[in-house]
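# A look at the structure
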Amino acid sequence: MRPTQSCFPATRLRRTRQSAAVRAMVRQNTLSVDDFIWPVFVRSGEGVEEPIASMPGVMRRSVDRIVDVAREAADLGIPAICIFPYTGLEERTEDCAGAWDPDNHANRAIRAIKAAVPELAIMTDVALDTYNINGHDGFVENGEIVNDRTVDALVKMALSQAEAGADIIGPSDMMDGRIGAIRSALEAQGHQNVMILSYAAKYASAFYGPFRDAVGASGALTGDKKTYQMDPGNSDEAMRLIERDLTEGADMVMVKPGLPYLDICRRVKDSFGAPTFAYQVSGEYAMIKAASENGWVDHDRVMMESLMAFKRAGCDGILTYFAPDAARLLAKG
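My aim in this report is to walk through the structure given alongside it, one point at a time. (Residues numbered from 1 in each chain as written. Predicted model: local features only at pLDDT ≥ 70, side-chain atom pairs only at ≥ 80, totals over all residues. Heavy atoms only, no water.)

## Remarks on the environment of Ala-70
With respect to the element layout, Ala-70 can be found in helix 2 (residues 63–76). Since its relative accessible area comes to 0%, Ala-70 is described here as buried. Here Ala-70 is in contact with Ile-81, Ile-113, Val-117 and Leu-120, once residues within four sequence places are set aside. (Helix = DSSP H or I, 4+ residues; strand = E, 2+ residues; numbered from the N terminus. Buried < 20%, exposed > 50% of the residue type's maximum accessible area, 1.4 Å probe, protein only. Contact = heavy atoms within 4.5 Å.)

This is the structure in structure tokens:
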């Protein structure tokens, strides 16, 4: 039972705010470089660093340059990166076969990073959108994004990533049953130690726009993703999805987007106690960058405040494009 708080002046709540030392001593939540997963974009070529206009400071890089980024992450103490491949329209097909090609950009990047920086954890993305001529996360048949045929393809994609050396598989597609199918296949093929961080509560959000530019999906996408991604008005449904994915074998779960869905993060952590992550998505990143570049907000303070919000909401970790900037600030103390 919570004790009764005495009244003013016996209680002066400002006493514990009076200095930096005291504020640090009583701070309930703290932010650490260990909390970050850094999303990075890989593309074809060699020696390529290609700026993404809608995400200032973020680039698409060829495999050799992604290895440099991996070394940078390790030097900064960032524990994991998440690899997203960029594919042009000429590389996309109806059958999405590139998704499980052992020599696609993502799989080559995994192998190269593991050879150069073996201590760095590698997370991957499992969805067909970056290989699909239709831009959707699943196969399109007669205008419908079909579930079960897509799950079969996602299993092949996940296995190809595990065989390349991925530590964490990140199914982001929102098809029903894919976590159980991927977990069963990983176990059967001897990849029992490969983890699944499920995009369990992924909303049909307008905050993904710059990301779709980054992976080449904006021009390819026909229609929208509302038949498989969540309705932003729903909260209870997120709890059902989290419970299902944990039951099917997810080791960790994610809420996406991040800041507009902190209430979901808190409900997930309080309800299940499982490792809970949030994705500070491209639109959130781009808004902070744009406001800071216009002199409307203090970049570093707003960045760190936004990241702290995830910890306060119960998140164990954050996928964020701010990871290297935040890591450098934290290192300064």
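## Remarks on the pairing of strand 1 (residues 36–43)
The buried fraction of strand 1 amounts to eight of the eight residues, a majority that puts the element mostly inside the structure. Across the two faces of strand 1 the burial is the same, with Phe-36, Trp-38, Val-40 and Val-42 and Ile-37, Pro-39, Phe-41 and Arg-43 all buried. Sheet topology note: the strand 1/strand 12 (residues 317–320) ladder contains two bridges and is parallel. The partner of Ile-37 across the bridge, within strand 12, is Leu-319. In this structure, strand 1 lies alongside strand 4 (residues 80–85), joined through six bridges in parallel fashion. Counterpart to Ile-37 in the pairing with strand 4 is Ala-80. (Pairing = 2+ DSSP bridges.)

## Examining the packing of aromatic side chains
Evaluation of the coordinates by the stated rule reveals ten aromatic pairs. A centroid spacing of 6.0 Å and a plane angle of 10 degrees characterise the contact between Phe-41 and Tyr-321, whose relative ring orientation is stacked. Remark: Tyr-321 occurs in the loop between strand 12 and helix 11 (323–332) and Phe-41 occurs in strand 1; sequence separation between them is 280 residues. Taken individually, Phe-41 and Tyr-321 each receive the classification buried, so the pair is uniform in this respect. Aromatic pair Tyr-199 and Tyr-279: ring centres 6.5 Å apart, planes at 50 degrees, arrangement tilted. Of the two residues, Tyr-199 sits in strand 9 (residues 195–202) while Tyr-279 sits in strand 11 (residues 276–280), which places them 80 residues apart along the sequence. (Phe/Tyr/Trp six-rings, centres within 6.5 Å; stacked < 30°, edge-to-face > 60°.)

## Remarks on helix 9 (residues 282–293)
Helix length check: helix 9 (twelve residues) gives 16 Å between terminal C-alpha atoms against 16 Å at 1.5 Å per residue, within 8%. Counting buried residues along helix 9, nine of its twelve residues qualify, which places the element largely inside the surrounding structure. Buried within helix 9 we find Ser-282, Gly-283, Glu-284, Tyr-285, Ala-286, Ile-288, Lys-289, Ala-291 and Ser-292. Along its buried surface, helix 9 packs onto helix 6 (209–215), strand 11, helix 10 (299–312) and helix 11. Note on helix 9: the residue one or two positions beyond its end, Gly-295, has a positive phi of about 75 degrees. (Expected span 1.5 Å × (residues − 1).)

## A closer look at the pattern of salt bridges
Throughout the structure, instances matching the rule amount to 24 salt bridges. The partner of Arg-149 in a salt bridge is Glu-141, with the nearest N and O atoms 2.8 Å apart. On the basis of relative accessibility, which here comes to 33%, the residue Glu-141 falls in the partly exposed class. Between Arg-178 and Asp-245 there is a salt bridge, with the nearest N and O atoms lying 3.3 Å from each other. In this pair, Arg-178 is assigned in helix 5 (residues 178–188) and Asp-245 in helix 7 (residues 236–248), connecting sequence segments 67 residues apart. (Salt bridge = Lys/Arg side-chain N within 4 Å of Asp/Glu carboxyl O.)

## Observations regarding the environment of Thr-93
Along the polypeptide, Thr-93 turns up in the loop between strand 4 and helix 3 (105–116). By relative accessible area, Thr-93 is classed as partly exposed at 32%. Sequence-wise, Thr-93 and Gly-135 are 42 residues apart; in three dimensions their C-alpha atoms are separated by 9.9 Å. Among the polar contacts listed, one links the side chain of Thr-93 to the side chain of Asp-95, at a separation of 2.7 Å. (Polar contact = N/O pair within 3.5 Å; in protein donor to acceptor, adjacent residues only side chain to side chain.)

## Focus: the pairing of strand 4
Counting buried positions over the six residues of strand 4 gives six, a clear majority of the element. Neither face of strand 4 is exposed, since Ala-80, Cys-82 and Phe-84 on one face and Ile-81, Ile-83 and Pro-85 on the opposite face are all buried. Summarising the sheet, strand 4 and strand 5 (residues 121–126) pair through four bridges and their orientation is parallel. Paired with Ala-80 across the strands is Ala-121, a residue of strand 5.

## Points about the nonpolar core
Among the nonpolar cores identified, the biggest contains 105 residues, and Phe-36, Phe-41, Ile-83, Ile-113, Met-123, Tyr-279 and Leu-319 are the most heavily contacted of them. When residues of this core are assigned to their parent elements, the largest contribution, nine residues, is made by helix 4 (residues 148–164). If near-sequence neighbours (up to four positions away) are discounted, Ile-113 is found in contact with Ile-66, Val-67, Ala-70, Ile-81, Ile-83, Pro-118, Leu-120 and Ile-122. (Core = buried A, V, L, I, M, F, W, Y, C linked by side-chain atoms within 4.5 Å.)

## Let's talk about helix 10
Residues three or four positions apart in an α-helix share a direction because the helix packs 3.6 residues into each turn. Taking 1.5 Å of rise per residue, the 14 residues of helix 10 would be expected to cover 20 Å, and the 20 Å separating its terminal C-alpha atoms lies within 8% of that figure. Within helix 10 the residues assigned to the buried category are His-299, Met-303, Met-304, Ser-306, Leu-307, Ala-309, Phe-310 and Lys-311. Those residues of helix 10 hidden inside the fold are in contact with strand 1, helix 8 (262–272), strand 11, helix 9, strand 12 and helix 11. Between the side-chain oxygen of the N-cap and the backbone nitrogen of Asp-300 there are 3.2 Å, and the N-cap of helix 10 in question is Asp-298. Gly-314, located one to two residues past helix 10, shows a positive phi value of around 105 degrees.

## Observations concerning the side chain of Arg-183
Among the structural elements, Arg-183 can be located in helix 5. One polar contact links the side chain of Arg-183 to the main-chain carbonyl oxygen of Val-194, over a distance of 3.1 Å. In this structure, Arg-183 is in contact with Gln-192, Val-194, Met-195, Ile-196, Glu-248, Gly-249 and Asp-251, ignoring residues within four places of it in sequence.

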